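Examination of the molecular architecture
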Amino acid sequence: MTENRPSKPQSGRHSLDPHLERYAARTAGMTASEIRALFAVASRPEVVSLAGGMPNLAALPLDTLSAQVAEIIAEDGLVALQYGSAHGVPVLREQICEIMALEGIKAHPDDVVVTVGSQMGLDMVTRLFCDPGDVVIAEGPSYVGALGSFAAYQAQVVHVAMDDHGLVPELLREALDRTEKAGRRVKFLYTIPNFHNPAGVTLAVERRAEILEICRDHGVLVVEDNPYGLLGFDGQTYPALRSTDPENVVYLGSFSKTFASGLRVGWVLAPHAVREKLVLAAESATLCPPTFNQMIVSRYLATHDWKGQIKKFRENYRERRDAILTALDEHLPPGCTWTKPDGGFYVWVTVPEGVDTKAMLPRAVTARVAYASGTGFYADGFGSRQMRLSYCYPTPERITEGVRRLAAVLESEMDLARTFGNVGTRRIRGPQTPSPDTV
């Protein structure tokens, strides 16, 4: 009977985790976010959290939504609570095409795959295209959830810098040339063109065609992640990259920022051949996305003034954006700089030399304010002088108070640096696994 017993790990050393030697090699890049470790403290009501990108759902018509949910159960409960297709509910896919048309995208519902949030779509795309050692080009900084997916599939990230107008085409071309000359295989460019997370900048319209041309010339796919595209504060929508190059762009969308994040409904729009593999990947990951959640979203889109609701969200977030920019200007010490977003959820702050935002974070939480340090948004250990501030959830008054507290902590850190000299910043290799408070 001994031959049927599971083999024991062969190791002479003791470990707190008896499964340590059983894990796949790809788990080596999985490390916990420092924000997650502090979340229990940062979520206390006395702490002003500028860390998490949680949508402010106070403007949603909850009474109407609760009645619609009850109607779905009463009228279509046997369908809503049953297994569905990995492709997604057909009527919702048609509605998604109508939404994408606002950004110039012409799409057929058959090429839309509904996912459990756009994070699932990003994970599937990475799984389909990336072998271990393949290269993904991404903006520096980049979305922490994307970096986690790339690490999980052992892809290597090459960052390309942005300026106030988004990804810089010349630097993208240089990065592709340099990577290819080194014999490394680039699979795709991952980009958030509108109201970037975490940088808050938007890719200039005149740069979009050039970036697409560069990627085509190098045989590189483009993965366009666009959860914030309808949240421009002046109501402007930018032309999606997908709208001008449908055969070389995979588009990721989500209802998490424009409706309800807790429903976890997103989608992928892909070229037809890629669509087939995405459906197979979805089947292996979840069998099918929740039909009930999709029907809730579909009923909301069909019966509610969802465009008017997005307008309310934009006004809400614009008020908070104005509050944080005013507070930063009034309270942050000299030497600090920050982006000025015209949509979305985030401001990206750079602090003076000698201040390490990762090392400062516990002291900030002690002072009852939290933020996301910049190191989590780079795969190569940079970002120690940056932080992401999220203004989407707190009230304008809380935002002002949070920035005031943060400024006092920064002043103290700068005093220490002036007194004892610059302390070498610590680079943390590899992305950090995101949690809901960091996305």
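Residues numbered from 1 in each chain as written. Predicted model: local features only at pLDDT ≥ 70, side-chain atom pairs only at ≥ 80, totals over all residues. Heavy atoms only, no water.

The cut-off we apply is this: UniProt positions are given in the numbering used here, feature names are shortened, and annotations may be inferred rather than shown by experiment.
Looking at an unreviewed UniProt entry, one finds the protein named GntR family transcriptional regulator and attributed to Amycolatopsis vastitatis. Its UniProt record gives the protein a comment under Subunit (unreviewed entry), which states: "Homodimer." One UniProt comment on the protein, placed under Cofactor (unreviewed entry), says "pyridoxal 5'-phosphate".

1. Description of the sheet that holds strand β11 (residues 346-350)
Using the following cut-off: Should DSSP find at least two bridges between two strands, the strands are regarded as paired. Each helix is a run of H or I in the DSSP string that is no shorter than four residues. Each strand is a run of E no shorter than two, and both are numbered from the N terminus.
Read from one edge to the other, the open sheet built from four strands follows the order β10-β11-β14-β13, with strand pairing classed as antiparallel. Strands with a single pairing partner mark the edges of an open sheet, and in this sheet they are β10 (337-338) and β13 (372-373).

2. Re the packing of aromatic side chains
Note the threshold: In summary, the pairing rule links any two rings of Phe, Tyr or Trp, Trp by its six-membered ring, whose centres are within 6.5 Å, and it sorts them by plane angle into stacked for under 30 degrees, edge-to-face for over 60 and tilted for everything else. Whether a residue is buried, partly exposed or exposed follows from its accessible area with a 1.4 Å probe, protein chains only, as a fraction of its type maximum: under 20%, in between, or over 50%, in that order.
With the rule as written, the count across this model stands at twelve aromatic pairs. Taken together, a centroid distance of 5.9 Å and an interplanar angle of 85° make the contact between tyrosine 228 and tyrosine 346 edge-to-face. Highlighted residues: tyrosine 228 in the loop between β7 (221-225) and α8 (241-244) and tyrosine 346 in strand β11, separated in sequence by 118 residues. Of the residues examined, tyrosine 228 reaches a relative accessible area of 2% and is grouped as buried. An aromatic cluster of at least three residues, connected via ring pairs, comprises Tyr228, Phe313, Tyr317, Phe345 and Tyr346.

3. Some details on the environment of histidine 159
The line we're drawing: By the convention used here, residues are in contact when the closest approach between their heavy atoms is within 4.5 Å. For the purposes of these results, a polar contact is taken to be a pair of N or O atoms within 3.5 Å, where, inside protein, one atom must be able to donate a hydrogen and its partner to accept one; residues adjacent in sequence count only when each atom of the pair is a side-chain atom.
Assignment of secondary structure puts histidine 159 in strand β4 (residues 156-163). Sequence separation between histidine 159 and isoleucine 137 is 22 residues, and the spatial gap between their C-alpha atoms is 5.9 Å. Beyond its immediate sequence surroundings of up to four residues, histidine 159 is in contact with Ala138, Glu139, Gly140, Ser142, Leu147, Phe377, Tyr378, Ala379 and Asp380. In terms of polar contacts, histidine 159 uses its side chain to reach the backbone carbonyl oxygen of glutamate 139, at 2.9 Å.

4. Some points on the side chain of serine 254
Considering the arrangement of structural elements, one finds serine 254 in strand β8 (residues 249-254). There is a polar contact of 2.9 Å between the side chain of serine 254 and the backbone nitrogen of serine 256.

5. Structural notes on helix α13 (residues 357-366)
So the rule is basically this: This arc describes the spread of directions from the helix axis toward the C-beta atoms.
Among all positions in α13, only Thr357, Lys358, Met360, Leu361, Ala364 and Val365 are buried. Mapping the buried residues of α13 onto a view down its axis gives an arc of 140°, with all of them on the same face. Capping of α13 at its N-terminal end is provided by aspartate 356; its side-chain oxygen lies 3.0 Å from the backbone amide nitrogen of lysine 358. Positioned one or two residues after α13, arginine 368 has a phi angle of 70°, which is positive.

6. Some remarks on the environment of phenylalanine 259
Looking at the secondary structure, you find phenylalanine 259 in helix α9 (residues 256-260). Residue phenylalanine 259 is classed as buried on the basis of its relative accessible area, which comes to 2%. C-alpha separation for the pair phenylalanine 259 and glutamine 309, spaced 50 residues apart in sequence, amounts to 8.3 Å. For phenylalanine 259, the contacting residues outside a window of four places in its chain are Leu57, Leu60, Leu65, Val297, Tyr300 and Phe313.

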